[in-house]
Amino acid sequence: MNEVAVSPDIVDVTVADVDIPAAPASEGEGPRGAEPVYTERPMIPVELLVAHPGNVREDRQASEEFCRSVAAAGIITPLEITVEPDGGYRVVDGNVRLDAALKVGLPAVPYFFSTDTADDEGLQYLHMLITSRFRTSLSVHEEAQALFSAAQAGMTRTEIRRVTGLSSREVKAGVRAGGLGGAAKQLAAGMDYEWTLEELALLKPFEDDPEALEAIHRRWYGPLKYTVQRLLDEREAKTRRAKMIADLEAAGVTVTDDRPDGAVPLGHLLNGDQKMDTDAHATCPGRGAWLAPWIGASPNQYCLDPERYGHVFAETGTTSPPPPAEPAPTTQAVKPTVERRIVVEGNKAWAAAATVRQQWLREFLAHKTPPKNVAATIARFVTEQLVTMPEPLCRALAGARHSQLFETFGSPTALNVAKSSQQGLWMIALAPIATAYEREITGDGERRNTWREDKYSPCTRTDAGIWLRFITEIGASHGYEPSPIEKAVANGVPYRGDNPSDDLPDETTTEDAGSEAASTAPETHDEHDDPSLDMSEPTPGAADVNARSLDRSSAPGTAAEPDAATDSAIVTAEIRADTDDLQTKVA
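Attention in this report is confined to the structure presented alongside it. (Residues numbered from 1 in each chain as written. Predicted model: local features only at pLDDT ≥ 70, side-chain atom pairs only at ≥ 80, totals over all residues. Heavy atoms only, no water.)

**Some words on the pattern of salt bridges**
Point 1. According to the stated counting rule, one finds 23 salt bridges in the structure shown.
Point 2. Across the pair glutamate 236 and arginine 240 runs a salt bridge, and its minimum N-O distance is 3.6 Å. On the criterion of helical spacing, the pair formed by glutamate 236 and arginine 240 is a turn pair, its members being 4 residues apart in helix 10 (residues 224-250).
Point 3. Here glutamate 236 falls in the partly exposed class, since its relative accessible area comes to 48%.
Point 4. Between arginine 447 and glutamate 440 there is a salt bridge, and its shortest N-O distance comes to 3.3 Å.
Point 5. Taking the relative accessible area as the measure of exposure, glutamate 440 reaches 2% and is therefore buried.
Point 6. Salt bridges here are not isolated pairs; linked through shared partners, they connect Glu391, Arg395, Arg439, Glu440, Asp444 and Arg447. (Salt bridge = Lys/Arg side-chain N within 4 Å of Asp/Glu carboxyl O. Helix = DSSP H or I, 4+ residues; strand = E, 2+ residues; numbered from the N terminus. Buried < 20%, exposed > 50% of the residue type's maximum accessible area, 1.4 Å probe, protein only.)

Following this line, the structure appears as structure tokens:
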């Protein structure tokens, strides 16, 4: 190869004066005073560099994240350069770094000169290959460790974010994930899963919980984020229940999992001409509280023996109890226990899915413009919804901007509209539509029944399915994976549990169990004294526009579902046992 003369001008540029202390000589090694000499790395003005005209990398633009890092920390890895036939210096390796330097306005970048490639263009292309092919990037686990170690070394998250170009959310998640305990790290490393920093951070609350880690490892409930949310909900429910019990017991109230025989809810007793309340009953020796074991249950206070303690019964107006209600005769078939289990499972699943979905929507709607691959889908959906105005929008769109969900989804204003690009307007228009749908399918009261086929909800299952199919379509390439219950609603099929083959017994084996529960069930009680019964009982007077039987395997000629009174007794016996099993399955 010909010798190449390199202009001395390119080594005379310094970015900053650096005072590098000499390394101390080790005892017994080398002559005293023979200290190594440090030189600052050579720099070249950016204006002398030319991007390689045949750069094989298709994406030649520096990302916004990388540019932020370069602006804060400069170029760390030197560019490989050689002579440019038309003058100046050609970048062989480091063209994206050059692009970042140009975008942030760096005056000079570090370099090393490649004499081998000066008159061998073919070798230039091979250097592009070699420097990429044999470069091992850090795994996400190693990235997390680097962020955690930087924080441990005293850097603030703001400093880390500025130097790395990562978002504040990524830095926070990375530092958190880097501090994971050994069991959690081992589990994450052993899973066949492409982790992100934020997903690794999700393991932090469970690092000392082997059962929860095992559930995550198996992705027991479905998608990772959904599985984690289910576990968090279970943990929160247990914590809430423990606090309720502690508070009641601290106040001197005996707490039971069931209402004892003969006990009467306070709502069935009178204090003067008003219904008995907890304050009026505070000194009664027979006071107690029934806290059902299922998620969301509230304590229901009762009196163990109203006659003995002289309370007036609301129904009779005296201290004499009303006659016992005769059980309603029925020849109707009883739905098997598995259906009650599905109701309990489904209510938990629907709530967890909503949390994960709304978190994803918040992040997705933060984009100023829709991603190119889904822009047309969003524009079409928004237009179609405004033209057809389905029921969820008729009811909730006008008040969407006053909703907490609207704030969660960015709370766009007229000023945002004025400043937005044409494409960005579609994202702004999607926000109130998302608010309306999410409010109608996951709000309070009957809205929570949307996933069910056998119970009324303001938003029909069909309309909810349209919304969920849209979310699944735009989220497929943008980090959203629907849960099993969302898939069921989107596809218009019954929800049979997140893992029906593992956790729900075969329907043909549960009919006897359901009948047995009905025959041994305790007496019914006023469902208004137990709000948690709303998750399995019809709302009195509600038009059951969604009504369809969950039991699609019943033989022809099977009688209709039991009436509310009989079904309430079945709920009392069956759902209690089912939820115990479900809530203790995972920590």
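**Comments concerning a nonpolar patch on the surface**
Point 1. Residues Leu126, Leu129, Ile130 and Phe134 make up a contiguous nonpolar surface patch of about 420 Å² in total accessible area.
Point 2. Residue classification places leucine 126 among the partly exposed positions, given a relative accessible area of 46%. (Patch = residues over 30% accessible without salt bridge, like charges linked within 9 Å, V, L, I, M, F, W, Y side chains within 5 Å. Areas by Shrake-Rupley, 256 points an atom, 1.4 Å probe, with all protein chains shown as cover.)

**Examining the packing of aromatic side chains**
Pairs of aromatic rings are described using the distance from one ring centre to the other and the angle between the two planes.
Point 1. Summed over all chains, the structure comprises 9 aromatic pairs.
Point 2. A centroid spacing of 5.1 Å and a plane angle of 75° characterise the contact between tyrosine 193 and tryptophan 195, whose relative ring orientation is edge-to-face.
Point 3. With 5.3 Å between their ring centres and 45° between their planes, tryptophan 360 and tyrosine 480 make a pair best called tilted. Of this pair, tryptophan 360 sits in helix 11 (residues 337-364) while tyrosine 480 sits in the loop between helix 17 (461-475) and helix 18 (484-491), and the two are 120 residues apart along the sequence.
Point 4. Exposure remark for tyrosine 480: the relative accessible area of 7% places this residue in the buried category.
Point 5. Of the aromatic side chains, those joined through ring pairs into one cluster are Phe381, Tyr437, Trp467 and Phe470.
Point 6. Positioned above the aromatic ring of tryptophan 350, the side-chain terminus of arginine 357 is 5.9 Å from the ring centre. (Phe/Tyr/Trp six-rings, centres within 6.5 Å; stacked < 30°, edge-to-face > 60°. Lys NZ or Arg CZ within 6 Å of the ring centre and 35° of its normal.)

**What about helix 7 (residues 182-190)?**
Point 1. When we look at burial in helix 7, the residues that qualify are Ala184, Leu187 and Ala188. All buried residues of helix 7 project into a common sector of 95° when viewed along the axis, lining one side. Turned more than 90 degrees off the buried face of helix 7, the exposed positions are Gly182, Gln186, Ala189 and Gly190.
Point 2. Those residues of helix 7 that are buried are in contact with helix 4 (140-152), helix 8 (197-201) and helix 9 (210-217). (Arc of directions from axis to C-beta. Contact = heavy atoms within 4.5 Å.)

**Considerations on the state of the cysteines**
Point 1. For the structure shown, the criterion picks out 0 disulfides.
Point 2. In this structure cysteine 303 is not part of a disulfide, and its nearest cysteine sulfur, from cysteine 284, lies 3.8 Å away.
Point 3. Relative accessible area serves as the criterion here: at 0%, cysteine 303 is assigned to the buried category. (Disulfide = S-S within 2.5 Å.)

**Considerations on unusual backbone geometry**
Point 1. Here methionine 389, not a glycine, exhibits a phi torsion of approximately 45°, which is positive.
Point 2. In this fold, methionine 389 is placed in the loop between helix 12 (375-388) and helix 13 (391-396).
Point 3. If you check the backbone angles, serine 411 has positive phi at about 45° while not being a glycine.
Point 4. Among the secondary structure elements, serine 411 is positioned in the loop between helix 14 (404-408) and helix 15 (414-419).

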